[in-house]
Amino acid sequence: SELWLLYPGTANSPYAEIADGKKAVYASAYRCRTPEGMAACKKLIKDNDLNSVVIDMKDDYGLLRYDSKDERILKKAKTSLYALNLDEFVREFKKDDIYLIARIVVFKDKNLANYGGAKYAVWDRVNNKPWVGIKEYEEVKDEAGNVISKTPLYYDENWVDEYCQEVWEYNVQIANELISRGFDEIQFDYIRFPTDGYNL
């Protein structure tokens, strides 16, 4: 329903009511791996009158930033060397009644784009390979200054097929595990097509 437009700034669903009034800081999963890092984050929250934290649980490369226990996820996922102990993290923040928001980067996912022979990757049908955005072209010139070749320079990112339901299911499995292990909310990010590069 578009009736919410008549009441801007109001919470009009049970989920919105739960999240209403939450003020969060975006925390580094890398830093929150240690007791000192968690303590510093909690101090930042307390000192600034905040009550919640947003933290990457699947990052911009598709790496899990926590220790998954779900075999379906682990079949496709790669876990960062700097993953945090999720149970310890949740327990520590829940001691102070801090609302936990897990950020999951959905379609920008280098790991999943390379999985299974790149079967989930956005495909470049012209070159018959996984698509990667071209940042610029490096020109090679002859002695007279004429361009004799152009070499593409690529962005360091890969994307998965936004229409693929298996990709959707994989991200939902991650969200479900995080909720079952103590997170209060999921923030799905990069729910879009790639927008960078000369070769869109």
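In case you missed it, the structure is sitting above this.
Here goes a summary of the coordinates provided. (Residues numbered from 1 in each chain as written. Predicted model: local features only at pLDDT ≥ 70, side-chain atom pairs only at ≥ 80, totals over all residues. Heavy atoms only, no water.)

Concerning the state of the cysteines
Applying the stated criterion across every chain, the model contains zero disulfides. C41 forms no disulfide, and the closest cysteine sulfur to it belongs to C32, at a distance of 4.3 Å. On the accessibility criterion, C41 (7% relative accessible area) is buried. (Disulfide = S-S within 2.5 Å. Buried < 20%, exposed > 50% of the residue type's maximum accessible area, 1.4 Å probe, protein only.)

Quick notes on unusual backbone geometry
In this structure, D97 is a non-glycine residue whose phi angle is positive, near 55°. On the secondary structure map, D97 appears in the loop between helix 4 (86-94) and strand 5 (99-105). For A118, which is not a glycine, the phi torsion comes out positive at approximately 65°. By secondary structure assignment, the location of A118 is in the loop between helix 5 (110-114) and strand 6 (123-124). A118 gets classed as buried once you look at its relative accessible area, which sits at 10%. (Helix = DSSP H or I, 4+ residues; strand = E, 2+ residues; numbered from the N terminus.)

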